[in-house]
Amino acid sequence: MSATGSGRQPHVVSGRQSELLAVLRDEGAMSRVALGERLELPRAKLTAELARLVDVGLVQVGGPAASRGGRRSTLVHLADDLRVLGVDVGATSVTVAVTDGRCEVLESHSEECDVRGGPAHVLSRVAELADVVYAKAPGRLIGAGIGLPGPVSFRDGMPVAPPIMPGWDRYPVRDELAGRWGCPVTVDNDVNAMALGERHAGVARSLEDLIFVKVGTGIGCGIVLGGRVYRGVAGTAGDIGHIRLDDFGPACACGEVGCLEAYFGGAALARDAATLARSGRSPALAGALRDRGSLTAADVGAAAAAGDFAAANLVREGGRRLGHVVASLVSFLNPGMVVIGGGVSGLGHSLLAEVRSAVYRRSLPLATGNLPIVLSELGDLAGVIGAAWSATDRAFSAAG
C-alpha cells in the first residue's frame, strides 16, 4: 500500500485542537455553538482553531445545525476522507479493517493466521489485507493501530518476550509498518485494544472505568481507568492468564504450571475436550472428534448446549476459575463494568452465569451492587476499532 500514506501528514499544533478533534471523533458532528460550549471556548478562539483544522483537512464545516432559536449555527465534523487502519492479530487469526475518522468500520477482513509463523510472514499478510480493505474504502490515511497477543512496549512499539510469539521479541513492528504505510502507527496488546473498542463503540461506551476480559487461545485483561488504558510500568498490566491457581496444575505455554490460561484458555479447553472424548465420558465430543479429527472450544460449547454433562462441566469449572480471578480484580479496581470477549466467550450465557456467580459471591456487595458483567457485542471488530481509536489518539495529538 505504498500510495496510501504518501501524502503529507496533517499536524495538530495545540492542545485545544486535540480536544476539539477528540470530541468530534467520540460524539459526532456538532454545531459551532454546541462545540464552543462543550470545550468552553470563546467564539473567536473556536473560529481560529477550526480554521486551522479546516486548512489541514482534518475538519469540515457545512450544513445547518438544528435551530436553538435565532440564527442557525453550522455543523462541524471530521473530514469525510479521513481513513485509519485497525489491525487485530490473535494467536490463530488476524482481522484488518479500514475506518473513518470516527473509528466506524467501513471495510474489514478476517482470516486464520498463526502468529507462530513469525513477524515477517504475519506482517506481510497484514499489509496484503490492508491493501484489499483500503482499496474498497480509499481516502487519506492519517494513522494505523495494531494489537498483538502478548506483552507490548507501547512506548517503543514492539512486543517484549511474548510467550506464544516465537521470533517476535523486540521486533520493530511500529517502525516497519510506519515505513510501509507512511503514517503514525501505534502498537498495543490486543486486549487493551479490545477494551478501547468496547469503550468507544460497544457495551461500555463512554464508561470511565471498566475491565475487558479476553478468553481466546490465551487469557488477558484490558484495564481502563479514568478513560485511559492502564498498562503498568512495562506494559504487562492485565496479564491475568498467568496468575497461578495451583502449584501442581497443568503446564502452561509460559513455562510455569497451574496458570489460569492452562486451565481455561482455548488450547486448554481443546486439550481437556479431547481427553473427555477419548475416554468415552462425553459422547457428543467423541462424535465431533471422530468426524473432524480435532476439537475446539466451539465444540465444547455445542456439546454443553446439547446437554452433554461432561462438556457442561468443563464450562462450569472453567467459568468458576475465571470468575475467581475476575472477583479479585473487581475487589481491587472497583470497575463500572466487566466485559467478556474473545473466541471462548462464544460459550455464551453458560460461561457468563458461572463468572457472575463467582464474582457476586466472592466480591464485596458495595463493589458488585451495580456491576454489569456482560458479553462483548462487537465480536471480531472490538480489537480493530480499539486499535483505530488508539491510532487517532496519536494522530490527533499536538506535535511536541
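Let us look at the structure shown here. (Residues numbered from 1 in each chain as written. Predicted model: local features only at pLDDT ≥ 70, side-chain atom pairs only at ≥ 80, totals over all residues. Heavy atoms only, no water.)

Across its full length, the chain carries 14 helices and 15 strands. In terms of overall size, the chain behaves like a compact globule, its C-alpha atoms giving a radius of gyration of 23 Å where 400 residues would be expected to give roughly 21 Å. In terms of principal-axis extent, the alpha carbons of the chain reach across some 75 × 50 × 40 Å. Here the chain holds 400 residues, and the buried ones make up 53% of them. Here the chain has roughly 17,200 Å² of accessible surface; of this, 52% comes from carbon and sulfur atoms. Distance from the positive charge centre (39 side chains) to the negative charge centre (41 side chains) of the chain: 4 Å. (Helix = DSSP H or I, 4+ residues; strand = E, 2+ residues; numbered from the N terminus. Rg over C-alpha atoms; globule rule 2.2 N^0.38 Å. Buried < 20%, exposed > 50% of the residue type's maximum accessible area, 1.4 Å probe, protein only. Areas by Shrake-Rupley, 256 points an atom, 1.4 Å probe, with all protein chains shown as cover. Lys, Arg positive; Asp, Glu negative; His and termini not counted. Charge placed at Lys NZ, Arg CZ, Asp CG, Glu CD.)

A word on the sheet that holds strand β12 (residues 219-225). Spatially, the five strands line up as an open sheet ordered β13-β12-β11-β14-β15, and their pairing is mixed. Looking at strand neighbours, the two that pair on one side only are β13 (228-229) and β15 (373-375), the edges of this open sheet. Of the strand pairs in this sheet, β12 and β13 are connected by two bridges, and their pairing is antiparallel. Residue pairing for β13: valine 224 is matched across the bridge by valine 229. In the packing of helix α12 (residues 349-362) onto the sheet, contacts are made with β14 (338-341) and β15, and the angle to β15 comes to roughly 165 degrees. (Pairing = 2+ DSSP bridges. Contact = heavy atoms within 4.5 Å. Axes fitted to C-alpha atoms, helices over the stretch in contact; angles between N-to-C directions.)

Summed over the entire model, instances satisfying the criterion amount to two cavities of 30 Å³ or more. Size it by volume and the largest cavity reaches roughly 300 Å³. Contributions of two or more residues to the lining of the largest cavity are made by α6 (190-201) and β12. By residue number, the principal contributor to the lining of the largest cavity is β12, which donates three residues. For the lining of the largest cavity, the residue count by class is nine nonpolar, nine polar and four charged. The wall of the second largest cavity is formed by Ile146, Gly147, Thr186, Asp188, Ala193, Leu196, Gly386, Ala387 and Ser390. Looking at the lining of the second largest cavity, the elements with two or more residues in it are β7 (140-148), β10 (185-189), α6 and α14 (381-395). Here the element with the most residues in the lining of the second largest cavity is α14; it accounts for three residues. Classifying every residue of the lining of the second largest cavity gives four nonpolar, four polar and one charged. (1 Å grid on protein atoms, 1.4 Å probe; cavity = no way out; pocket = protein on both sides within 12 Å on 5 of 7 lines; lining within 4 Å. Points joined across faces, edges and corners; volume = space filled by probe spheres on them. Nonpolar A, V, L, I, M, F, W, Y, C, P; charged D, E, K, R; others polar.)

The next point concerns the pattern of salt bridges. Close approach of charged atoms allows side chains with opposite charge to pair. Under the counting rule described, the total for this entry stands at 22 salt bridges. Between aspartate 175 and arginine 174 there is a salt bridge, with the nearest N and O atoms lying 3.6 Å from each other. Owing to a relative accessible area of 48%, aspartate 175 belongs among the partly exposed residues under this scheme. One salt bridge connects aspartate 190 with lysine 214, and the closest N-O pair in it is separated by 2.6 Å. Residue aspartate 190 is found in helix α6, and its partner lysine 214 is found in strand β11 (residues 210-215); the two are separated by 24 residues along the sequence. Each member of the pair, aspartate 190 as well as lysine 214, carries the same accessibility label: buried. Taken together, the shared-partner salt bridges connect Arg25, Asp26, Arg228 and Asp393 into one network. (Salt bridge = Lys/Arg side-chain N within 4 Å of Asp/Glu carboxyl O.)

One pass over the structure, following the stated rule, counts zero aromatic pairs. A cation over an aromatic ring shows up here: arginine 231 above the ring of phenylalanine 154, its NZ or CZ 3.7 Å from the ring centre. The ring centre of tyrosine 263 lies 4.0 Å from the NZ or CZ of arginine 321, which sits over that ring. (Phe/Tyr/Trp six-rings, centres within 6.5 Å; stacked < 30°, edge-to-face > 60°. Lys NZ or Arg CZ within 6 Å of the ring centre and 35° of its normal.)

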